[in-house]
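# Structural description and commentary
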Amino acid sequence: MARGINKVILVGTVGRDPEMKYTPSGDAIANISIATSESWKDKNTGEKKEVTEWHRVVFYRQLADIVGKYVRKGQQVYIEGSLKTRSWEKDGQKHYATDIVASEMQMLGSRQGSGMGAGSYDEAPRSSNSGGGYGSAPAAQQSAAPQSSHNDRGFEDFDDDIPF
């Protein structure tokens, strides 16, 4: 049987502040809800329609720490991950839930509109990418690199040579 692909990509709005939990070994777990909306115009009535879908997203380890520290309700985020269904029994009835286990997260939107205190967003990681699947290290600040002109790097007239 062929291998399958289990990949989810979401761009949505955080519905509530992260809920943080910790394992007995001290690893962080963060849970958030992401809303995605779709809108269209009804062909029969001409009325604008919209439907919102809510997604449960779970982050582990270092990525969970980052989410707990920087992500807040109302922010837009880009999430990559995979679907994971869990089950449990309560009062003799079996229950199921499907979550998105995030492996990558990018905070989107403007710095001013983030709802965070002045300057705090500059310290936030711009993206998080996990090599192993559950955590990631913060990306380096983009302002840390010295600014230089493109001539200092040996790319004279480079922009003119781009074929597209």
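Look a little higher up for the structure.
All values reported here derive from a predicted model rather than from experimental measurement.

## A word on the nonpolar core
- Grouped together as the largest cluster of nonpolar side chains are 21 residues, with contacts concentrated most on V57, F59, I79 and M105.
- When residues of this core are traced back to their parent elements, those giving at least two are β1 (8–14), β3 (28–41), β4 (48–60), α1 (61–70), β5 (76–90) and β6 (93–108).
- Take this core: its biggest share by element is five residues, from α1.
- Setting aside anything within four residues of it in sequence, one finds F59 in contact with A28, I29, A30, I32, A64, V67, I79, A102 and M105.

## Regarding the pattern of salt bridges
- Throughout the structure, instances matching the rule amount to six salt bridges.
- When the shortest N-O distance is used, the salt bridge between E19 and K21 registers 3.4 Å.
- Residue K21 is classed as partly exposed on the basis of its relative accessible area, which comes to 43%.
- A salt bridge links R61 to D27; the shortest N-O distance between them is 3.8 Å. Here the residue R61 occupies a position in helix α1, and D27 occupies one in the loop between β2 (19–22) and β3, the gap between them amounting to 34 residues.
- R61 sits in the partly exposed class, given a relative accessible area of 41%.
- Where salt bridges share partners, they join R16, E19 and K21 into one cluster.

Procedures and definitions
- Each chain has its residues counted from 1, following the order in which its sequence is written.
- Only residues with pLDDT of at least 70 are given local features in this predicted model, and only at 80 or more are side-chain atom pairs given and counted; all residues enter the totals for whole chains, interfaces and linings.
- Based on all heavy atoms of the structure, the side-chain values leave hydrogens and waters out of the count.
- Within this scheme, the nonpolar core is defined by two criteria: the residues are buried Ala, Val, Leu, Ile, Met, Phe, Trp, Tyr or Cys, and they are joined through side-chain atoms within 4.5 Å.
- We call a residue buried when its accessible area falls under 20% of the maximum for its residue type, exposed when it is over 50%, and partly exposed in between, using a 1.4 Å probe and counting protein chains only.
- Comment: elements are numbered from the N terminus, with helices defined as DSSP H or I runs of at least four residues and strands as E runs of at least two.
- Contacts are residue-level and defined by heavy atoms, with any inter-residue pair within 4.5 Å sufficient.
- Here, a salt bridge means any side-chain nitrogen of Lys or Arg that lies within 4 Å of a carboxyl oxygen of Asp or Glu.

The quantities given are spatial measurements derived from coordinates; they are silent on function.
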